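Structure at a glance
Here's the letter readout for the chains.
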Amino acid sequence: MTAASSSPQPLDTRPPRHSAWQVFWVFLQLGLTSFGGPVAHLGYFRQALVERRQWLSDAQYADLVALCQFLPGPASSQVGMALGLMRAGWLGCLAAWLGFTMPSAIALLGLAAGLNHWPHLADSAIVHGLKLVAVAVVAHAVWGMWRNLCKGWLRKCLAVVGAAVLLAWPGAAPQLLVLAVGALVGWRLLPRTPGNAQQAGPVLSLPLGRKAGLCLLLACGLLLLCLPVAAQLWPGVAMRAFAAFYQAGALVFGGGHVVLPLLQASVVPPGWVSDAQFLTGYAAAQAVPGPLFTLAAYLGALLPLPAPWAGWAGGALMLAAIFLPAFLLVAGALPWWQRLRESHAAQRALAGINAAVVGVLLAAFVHPVWSSAIRQPSDACIAAIAFALLQWLRVPPVVVVLLTALAAWGMQLLHNA
C-alpha cells in the first residue's frame, strides 16, 4: 500500500453532487422521524447518511460530530448544517436546516396559536401532564449529564456550587458567570485525561477557507456583543427578544436541554411568557421530532410583539435568532477544527464548562420545572413513573408524553368524581 493511499482522505471538495432540493428532502424525512434527543438524532443521521447513502465515511462522520459537540449550540442541527454545506453549498446548508427543523417548529407554532386563542388550555389537565413530563425529562437529562460530565470531585463541586449560586441569584447574567468560572477552573485545574481529548481522525475539508471561516466566527462574536447594545438603544420587545434568543443559541453548551434556563430567564421575568406557558411548550417539544431549539418558535409566537411580527412571524424570527449562531459557528469553525481539537487547554476548558452546565440544568430542575409542576403527591408519583420509563425502560419520549398526559387527565377525573 502506498503512502498516499494510507493517508486520511478529506471530504470531497469537488462541485456539489446533490441539489439543495435533494438535501432538503433527505433532512425533511429525518425531521419527521428523529425522536429522542440529540444523541438519537445523530444515530438517525449516521444510519441515513453514512450507511444508506454513503455521503461520508464513519471516521469522517465521527470527526464532524466531535466538532459539533465541542461547539456551543444544538449539535445535531449543526451536523446537519455542515453536511448540507458540504453536499450542496450554502443553499444546501439552508435546505438541511429547514428540512430538519420545520416539522417540529410548525407543530409548536400550532400549539402557541391554540394557547393564544384559548388561554384556558394552559390550565387544563393535559397541559399539566405535559409539565410533569418536563420534570421527568429534565431529571433524566440531569442524571445522565451528571454521570457523564461530572467525573471526579472537582467537576461535581463545579456543578453543585453552580446550581446553588443560580438558585440564590437567578438570571441570565449569573448563568454566564457560572459557565465562565467553569471554563477558567477547567483550564487551570482539570488534568488532561483520555476522556478530555478527541481522538485523531480524517481531516474534514470544505469549499471554505480559513479566512472565510474566521470572518464567520468574528461575525458571530460581533453580533453577540452588538445585539445587547442595540436592545438598549431600541428597547422594543422584538429587538430585546432577538438579542436574548441569539445569546441563548450562542452560549449553550451541553445540548438542547441546557437552553431551558437561558430562555426561561429571558422571557418569563419580563412577563412576556408565563411559567405555565413556558413549561407547556418545553414539555410539548419532547413529543415532537427534531431539535429542542424549536421551542424558540413556540415562545416567539407567544411574545407580545407589534405587527407585523406578532404570532407566526414572531415565531419564525425567534427561530432564526436562536439558530443563527449555530450556523456561523459550525461553518466558521470547520476549517479550523483540525488545529483546535489538538489543544489540550481548550479540551480542559470545555470539560469545566460541561460540569458547570450540569449545575445550570440542576438549578432549572428545582425552579421553575419542579416548583411549577408538582402541586400534590400524585404529581410527584406520575413524574417519578415517567422518569423510570425514560431512564430504565427506555420508552420513547413521545410515548411517555402521551402516557403522562393521560395519567394527569385521569387523576383530574378522579378528583372531580
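Now for a look at the structure at hand. Residue indices follow the written sequence of each chain, beginning from 1 at its first position. This being a predicted model, a pLDDT of at least 70 is required before a residue's local features are given, and a value of 80 or more before pairs of side-chain atoms are given or counted; all residues contribute to the totals for chains, interfaces and linings. Excluded from the side-chain calculation are hydrogens and water; included are all heavy atoms of the structure.

Quick look at the overall build of the protein chain
Stated precisely, the cut-off is as follows: Secondary structure counts use DSSP, requiring at least four H or I residues in a row for a helix and at least two E residues in a row for a strand, with both numbered from the N terminus. For every residue, the accessible area obtained with a 1.4 Å probe (protein chains only) is divided by the maximum for its type, and the residue is called buried under 20%, exposed over 50%, and partly exposed between those limits. Note on contacts: a residue pair qualifies if any of its non-hydrogen atoms lie within 4.5 Å across the two residues. Using the Shrake-Rupley algorithm and a 1.4 Å probe, accessible areas are obtained, with residue cover drawn only from the displayed protein chains.
The number of helices and strands found in the protein chain is 18 helices and zero strands. Residues classed as buried in the protein chain amount to 53% of the 417 residues present. Taking contacts inside the protein chain between residues at least 6 apart in sequence as the whole, the part at least 24 apart equals 77%. Accessible surface, the protein chain: about 18300 Å² in total, of which carbon and sulfur atoms supply 69%.

Quick look at the environment of Leu324
By the element assignment, Leu324 lies in helix H14 (residues 312-333). The spatial distance from the C-alpha of Leu324 to the C-alpha of Ala250 is 8.4 Å, given a sequence separation of 74 residues.

A look at the pattern of salt bridges
Worth spelling out the cut-off: Think of a salt bridge as a Lys or Arg side-chain nitrogen and an Asp or Glu carboxyl oxygen that are within 4 Å of each other.
Enumeration according to the criterion identifies one salt bridge in this entry. Residue Glu51 is joined to Arg46 by a salt bridge in which the shortest nitrogen-to-oxygen separation is 2.4 Å. The exposure class assigned to Glu51 is partly exposed, which follows from its relative accessible area of 45%.

Quick notes on the nonpolar core
Rules: Put simply, buried Ala, Val, Leu, Ile, Met, Phe, Trp, Tyr and Cys residues joined by side-chain atoms within 4.5 Å make one nonpolar core.
Phe27 and Phe278 are the most contacted members of the largest nonpolar core, which has 142 residues in total. Counting residues per element, this core draws most heavily on helix H5 (residues 75-117), which supplies 18 residues. For Phe278, the contacting residues outside a window of four places in its chain are Leu260, Leu263, Gln264, Val267, Val268, Val273, Leu295, Tyr298 and Leu299.

Quick look at the state of the cysteines
Definition in use: Any two cysteine sulfur atoms within 2.5 Å of one another count as a disulfide.
Inspection of every chain in the model, using the stated rule, returns zero disulfides. With no disulfide of its own, Cys150 has Cys157 as its nearest cysteine by sulfur position, at a separation of 10.0 Å. What makes Cys150 buried here is its relative accessible area of 1%. Of the residues examined, Cys157 reaches a relative accessible area of 37% and is grouped as partly exposed.

With respect to the packing of aromatic side chains
Quick reminder of the rule: Ring geometry is summarised as follows: Phe, Tyr and Trp rings, the Trp one being its six-membered ring, pair when their centres sit within 6.5 Å, and such pairs are stacked at plane angles under 30 degrees, edge-to-face over 60 and tilted between the two. For a lysine, the NZ atom is tested; for an arginine, the CZ atom; a charge sits over a ring if that atom is within 6 Å of the ring centre and within 35 degrees of the ring normal.
Scanning the entire structure with this criterion turns up nine aromatic pairs. When the ring of Phe27 is compared with that of Phe45, the centres are 5.6 Å apart and the planes differ by 85 degrees; the resulting orientation is edge-to-face. With Phe27 in helix H2 (residues 20-33) and Phe45 in helix H3 (residues 38-52), the pair connects residues that are 18 residues apart, well separated along the chain. Taking relative accessible area as the criterion, Phe27 reaches 0% and is therefore assigned buried. Look at Phe45 and you get buried, because its relative accessible area is 0%. Centroid distance Phe387 to Trp392: 5.5 Å. Interplanar angle 90 degrees. Geometry classified as edge-to-face. The class of Phe387 is buried, set by a relative accessible area of 18%. Of the residues examined, Trp392 reaches a relative accessible area of 60% and is grouped as exposed. Chaining the aromatic ring pairs together yields one cluster made of Phe27, Phe45, Trp55 and Phe100. Above the face of the Trp187 ring, Arg188 is positioned so that its terminal group lies 5.2 Å from the ring centre. Seen from the ring of Trp336, Arg210 lies directly overhead, with NZ or CZ sitting 5.1 Å from the centre.

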